[in-house]
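# Inside the fold
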Amino acid sequence: FRRVLFRSSIQAGNITNRIVEEILPFQNKIMKVKVDGKFLEKLVRKSLKENSSLFQYSGLTVKYSFKNNRARIIEILVNGKPLNHSKIYTLAVPDFIANGNSEGYLFKKVEDKTVYSDTYLADYFVNYITQNKDGIKAPSNTGRIVKVTK
């Protein structure tokens, strides 16, 4: 959900409170959302763009092709195993998205949602950078979202 929540990039150097407020200006909390595999596939397909994904995933590997402004899913793996349409999956989703706002409109019909913690997403981020004294690095290409061109 990087593109929806993070409002700017972080440049090399010290990360100040002002920078955190610039990149995470909203008071979002994390929600646990339970969805079936069919919903998860639809969410992934709707989020795919020509050369990117609107959302970022952890635990998913997605292979897709793109033709005539539509994404075609080739494969979705969940923790290395094929997506199962009837299985229930638990997602960690910012509350703004989980409540159906902006690009999270698909979540409006999902009923099984609970607030994971009263801690704001920005506070999790500050805790993470505080605990990693050696600094944080830009992610490498993880291969989690792969556009197939054939």
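For the structure given in this document, a descriptive report is provided here. (Residues numbered from 1 in each chain as written. Predicted model: local features only at pLDDT ≥ 70, side-chain atom pairs only at ≥ 80, totals over all residues. Heavy atoms only, no water.)

### Digging into the sheet that holds strand S6 (residues 113-120)
Defined as follows: We treat two strands as partners when DSSP finds at least two bridges between them. Numbering of helices and strands runs from the N terminus, with a helix taken as a DSSP run of H or I at least four residues long and a strand as a DSSP run of E at least two residues long. Working convention: axes come from line fits to C-alpha atoms, limited for helices to the stretch in contact. Angles between N-to-C directions cover 0 to 180 degrees. Here, two residues are considered to be in contact whenever any of their heavy atoms come within 4.5 Å of each other.
An order of S5-S1-S6 is seen for the three strands of this open sheet, with the pairing classed as antiparallel. Every other strand in the sheet has two partners, leaving strand S5 (88-94) and S6 as the edge strands with one partner each. For this sheet, the mean inter-axis angle between neighbouring strands, taken without regard to orientation, is 25 degrees. In this sheet, S6 lies alongside strand S1 (residues 29-36) in antiparallel orientation, the contact comprising four bridges. Across the sheet, residue Lys32 finds its bridge partner in S6, namely Thr114. The strands touched by helix H3 (residues 37-47) are S1 and S5; relative to S1, the strand with the most contacts, the crossing angle is about 115 degrees.

### Quick notes on a nonpolar patch on the surface
The condition is simple: The residues that make up patches have over 30% relative accessible area and no salt bridge, and they are joined within 9 Å when like-charged or within 5 Å when they are Val, Leu, Ile, Met, Phe, Trp or Tyr. Residue-level accessible areas treat just the shown protein chains as cover; the underlying method is Shrake-Rupley with a 1.4 Å probe. Definition used for salt bridges: Asp or Glu carboxyl oxygen within 4 Å of a side-chain nitrogen of Lys or Arg. Each residue's exposure class comes from its accessible area (1.4 Å probe, protein chains only) as a fraction of the maximum for that residue type: buried when under 20%, exposed when over 50%, partly exposed otherwise.
A cluster of nonpolar residues, Ile10, Tyr128 and Ile136, forms a patch on the protein surface that exposes about 250 Å² of accessible area. You can see Ile10 is positioned in the loop between helix H1 (2-5) and helix H2 (17-23). By relative accessible area, which is 33% here, Ile10 ends up partly exposed.

### Section: the side chain of Ser117
Formally: Any N or O atom pair separated by 3.5 Å or less is treated as a polar contact, with the protein-specific requirement of one donor-capable and one acceptor-capable atom, and with residues adjacent in sequence counted only for side-chain atom pairs.
Position of Ser117 relative to the elements: it lies in strand S6. From its side chain, Ser117 meets the backbone nitrogen of Thr119 in a polar contact 2.9 Å long. When sequence neighbours within four positions are dropped, the list of residues in contact with Ser117 reads Lys29, Ile30 and Tyr124.

### What to know about H3
Rules: Picture the helix axis, draw a direction to every C-beta atom, and the arc is the one those directions span.
For H3, the set of buried residues is Gly37, Phe39, Leu40, Leu43, Val44 and Ser47. When H3 is viewed along its axis, its buried side chains cluster within an angular range of 160 degrees and face the same direction. Structurally, H3 contributes buried residues whose contacts are with S1, strand S2 (60-67), strand S3 (70-78) and S5.

### Concerning the pattern of salt bridges
Scanning the entire structure with this criterion turns up four salt bridges. Across the salt bridge formed by Lys29 and Asp118, the nearest N and O atoms sit 3.5 Å from each other. Remark: Asp118 occurs in strand S6 and Lys29 occurs in strand S1; sequence separation between them is 89 residues. For the salt bridge of Lys63 with Glu75, the shortest nitrogen-to-oxygen distance reads 4.0 Å. Placement of Lys63 in strand S2 and of Glu75 in strand S3 is noted, with a sequence separation of twelve residues between them. For Glu75, a relative accessible area of 31% translates into the label partly exposed.

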